[in-house]
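Residue-level listing of the chains:
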Amino acid sequence: MFTQINSVGLFGMNAFPVTTEINAYKGLSDFQIVGLADASVQESKQRIFGALANARIKIENKTMVINLTPASVKKAGSSYDLAILTAMLVTQADIAVDLKRAAFFGEVSLGGGVNGVRGALSMAIEARKSGCDELFLPYENAAEASVVAGLKVYGVSNVIQLYEHLSGKALLNPQSPYVPEKGTYQDLADFADVKGQENVKLALTIAAAGFHNVLMIGTPGTGKSMLAKRLPSVLPAMTFDESIETTQIHSVAGILDKNAPLVVNRPFRPVSHTASAAGLCGGSGIPRPGEISLAHNGVLFLDELPEFERRTLETLRQPVEDGEIVISRANGSVRYPCNFMLVAAMNPCPCGNFGHTTKQCVCSPMAVTRYLAKISQPVLDRIDIQIEVNPISYNEISNTEKGESSAAIREKVEKARLIQKERYRGVKGIRSNSEIPSSILGEVCVLEDAAKDLIRNVFDKLGMSARAYDRILKVARTAADLDDCPLIKKKHVSQAISYRSLDRKYWGN
């Protein structure tokens, strides 16, 4: 007997349709899997027969050949178990339901249970694209997959449930579509707790409004990490599309919260300077997402920036520019989105006191130069806003009055984002000012005459790169949006230029 069951494969975050074909005929008991299946797929024989035995479902002794098509694409992982088991049941029993437009994936345990798998949302989306309108998958993945419109999702806890459903003895109830709660800011740290640093708060407000990258330089104890950790509290709420994108990445990485299967809060990923290039960008045999992809649509925080290996920092150049990363391996390439807001913090020298008004720096000039040289000019060029975080005075730290709250700052940011949303309506791939392509930069960044004169003089005097010029215009555009000004004024350009001066102060000599 020959039958076909629809399934879905996954390589990285790339899902692809797979058809599980089975040919079962009388003869010696044999079980073979073909179709470029790796060891983890071949081991499904032991899992499936163990599950059937413990579920007390009898299978006739037959010769079975299972083919996973397309045979030219390598299959890896345990998610094909459920499709193979279903195909075996179809050849052995009277099936009461139509499975032509149904897809199956999930891992089967020896005890007869069905275990969850990674990347369920990506596979569910692919199943719907392939024309399936029913999906059978592990119960713990059901809520995650139920957000896909037009797909009836059945969560399967064990093999007996599946067998009884297929034979019509006890039908499974479809999973109710998961409705996520709106993102909450209640548990986030508030900017109102930060004493002083008003100029830094303004810079971070502009960064949040335009999704610009930020570098904070200052001596230890000035509040750089404290400020960075409060950025998520002023970022606008995630859209549904952003939640789906972010959830897909977290699902593939295996860090999705089972109780909240859709990510609704913007990620904040603090990374230690001990992280490797693979840990930051992703890797392994079947490439998994790194920290930059896990921070997609959120914030990637790199503290003690010069303490990172230079090679690790250099790997950020292309992802920061393109908003995605391609990881290539011998058996294929994986593309992960990584449109994140880079926030970095650093001391000005190894001891941290270089430039301090009262403390003395004990580092030699050569030591300071070597320390700063760990960050290359191409990396600096990709950071839109560079701000110095100075020590606060006694009057500022002893002041009992609360500063501007995150809620008030977020209101300004959201208004600026609404302006950008209207501006880029109909333009694919642009959601904020930081993503403006060079092709339309002159069209959306219109300057008044005084602003043109200022940027012309500064460009010639400082010998800016074309990338630095573009990023100054983007930051100026965001500053103007916060002031609700269609035309970029001189003060906005001056503000944006001031945020590009630290690379010349610290790295210029």
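You'll find the structure just up there.
Residues numbered from 1 in each chain as written. Predicted model: local features only at pLDDT ≥ 70, side-chain atom pairs only at ≥ 80, totals over all residues. Heavy atoms only, no water.

A.B. asks: Would you mind going over the layout of surface pockets with me for this structure?
C.D. replies: To find the voids left in a structure, one rolls a probe of water-molecule size over its atoms. Looking at the largest pocket, its volume works out to about 760 Å³. Along the wall of the largest pocket there are 28 residues; nearest its centre are Thr-239, Glu-242, Arg-266, Arg-417 and Arg-431. Mapped onto the lining of the largest pocket, the elements with two or more residues apiece are α9 (240–253) and α17 (406–423). No other element matches α17, which puts five residues into the lining of the largest pocket. When grouped by side-chain class, the residues that make up the lining of the largest pocket number nine nonpolar, seven polar and 12 charged. There is about 510 Å³ of room inside the second largest pocket. In this structure, the second largest pocket is lined by 23 residues; those nearest its centre are Val-320, Glu-321, Ser-434, Glu-435 and Lys-474. Listed by contribution, the elements that provide at least two residues to the lining of the second largest pocket are α13 (317–322) and α20 (466–482). Across the lining of the second largest pocket, the residue classes break down as eight nonpolar, six polar and nine charged. (1 Å grid on protein atoms, 1.4 Å probe; cavity = no way out; pocket = protein on both sides within 12 Å on 5 of 7 lines; lining within 4 Å. Points joined across faces, edges and corners; volume = space filled by probe spheres on them. Helix = DSSP H or I, 4+ residues; strand = E, 2+ residues; numbered from the N terminus. Nonpolar A, V, L, I, M, F, W, Y, C, P; charged D, E, K, R; others polar.)

A.B. asks: Just to check I follow, could you spell out helix α6 (residues 159–166) for this structure?
C.D. replies: An α-helical turn contains 3.6 residues, so a residue and the one three or four places further along point in the same direction. Taken together, the buried positions of α6 are Val-159, Leu-162, His-165 and Leu-166. Buried residues in α6, looked at end-on, bunch into an arc of 130°, giving them a common side. Phi turns positive, to about 80°, at Gly-168, one or two residues after α6. (Buried < 20%, exposed > 50% of the residue type's maximum accessible area, 1.4 Å probe, protein only. Arc of directions from axis to C-beta.)

A.B. asks: Which parts of the structure should I look at to understand empty space enclosed by the protein?
C.D. replies: Scanning the model with the defined rule gives one cavity of 30 Å³ or more in all. Within this model, the largest cavity holds a volume of roughly 40 Å³. Taken together, Leu-313, Leu-316, Arg-317, Val-320, Leu-342, Val-379, Arg-382 and Ile-383 make up the full set of residues lining the largest cavity. Of the residues that constitute the lining of the largest cavity, the class distribution is six nonpolar, no polar and two charged.

A.B. asks: What's the story with the pattern of salt bridges in this structure? I'm lost.
C.D. replies: Side chains bearing opposite charge may pair, as long as their charged atoms lie close to each other. A full pass over the atoms with the stated rule returns 25 salt bridges. The closest approach of N and O atoms between Asp-193 and Lys-402, which form a salt bridge, is 2.9 Å. With Asp-193 in the loop between α6 and α7 (198–210) and Lys-402 in the loop between α16 (394–398) and α17, the pair connects residues that are 209 residues apart, well separated along the chain. Taking relative accessible area as the criterion, Asp-193 reaches 34% and is therefore assigned partly exposed. With its nearest N and O atoms 2.7 Å apart, the salt bridge here joins Lys-412 to Glu-404. The exposure class of Lys-412 is partly exposed, given its relative accessible area of 42%. For Glu-404, a relative accessible area of 33% corresponds to the partly exposed category. Through salt bridges with shared partners, a single ionic network connects Glu-321, Arg-382, Asp-384, Arg-467 and Arg-471. (Salt bridge = Lys/Arg side-chain N within 4 Å of Asp/Glu carboxyl O.)

A.B. asks: I keep staring at a nonpolar patch on the surface and nothing clicks. Help me out?
C.D. replies: Residues Ile-392, Tyr-394 and Ile-397 make up a contiguous nonpolar surface patch of about 330 Å² in total accessible area. Here Tyr-394 shows up in helix α16. On the basis of relative accessible area, Tyr-394 is assigned to the exposed category, the value being 65%. (Patch = residues over 30% accessible without salt bridge, like charges linked within 9 Å, V, L, I, M, F, W, Y side chains within 5 Å. Areas by Shrake-Rupley, 256 points an atom, 1.4 Å probe, with all protein chains shown as cover.)

A.B. asks: What's the story with the packing of aromatic side chains in this structure? I'm lost.
C.D. replies: Two descriptors summarise a pair of aromatic rings, namely the distance from one centre to the other and the angle between the planes of the rings. For the structure on display, the rule yields seven aromatic pairs. Ring plane angle 25° and centroid distance 6.0 Å describe the contact between Phe-268 and Phe-301, whose orientation is recorded as stacked. Taken together, the residues span a long stretch of sequence, with Phe-268 in strand β11 (residues 268–271) and Phe-301 in strand β14 (residues 299–302) at a distance of 33 residues. Pairing Tyr-506 with Trp-507 gives two aromatic rings, centres 6.2 Å apart and planes at 65°, and the pair type is edge-to-face. (Phe/Tyr/Trp six-rings, centres within 6.5 Å; stacked < 30°, edge-to-face > 60°.)

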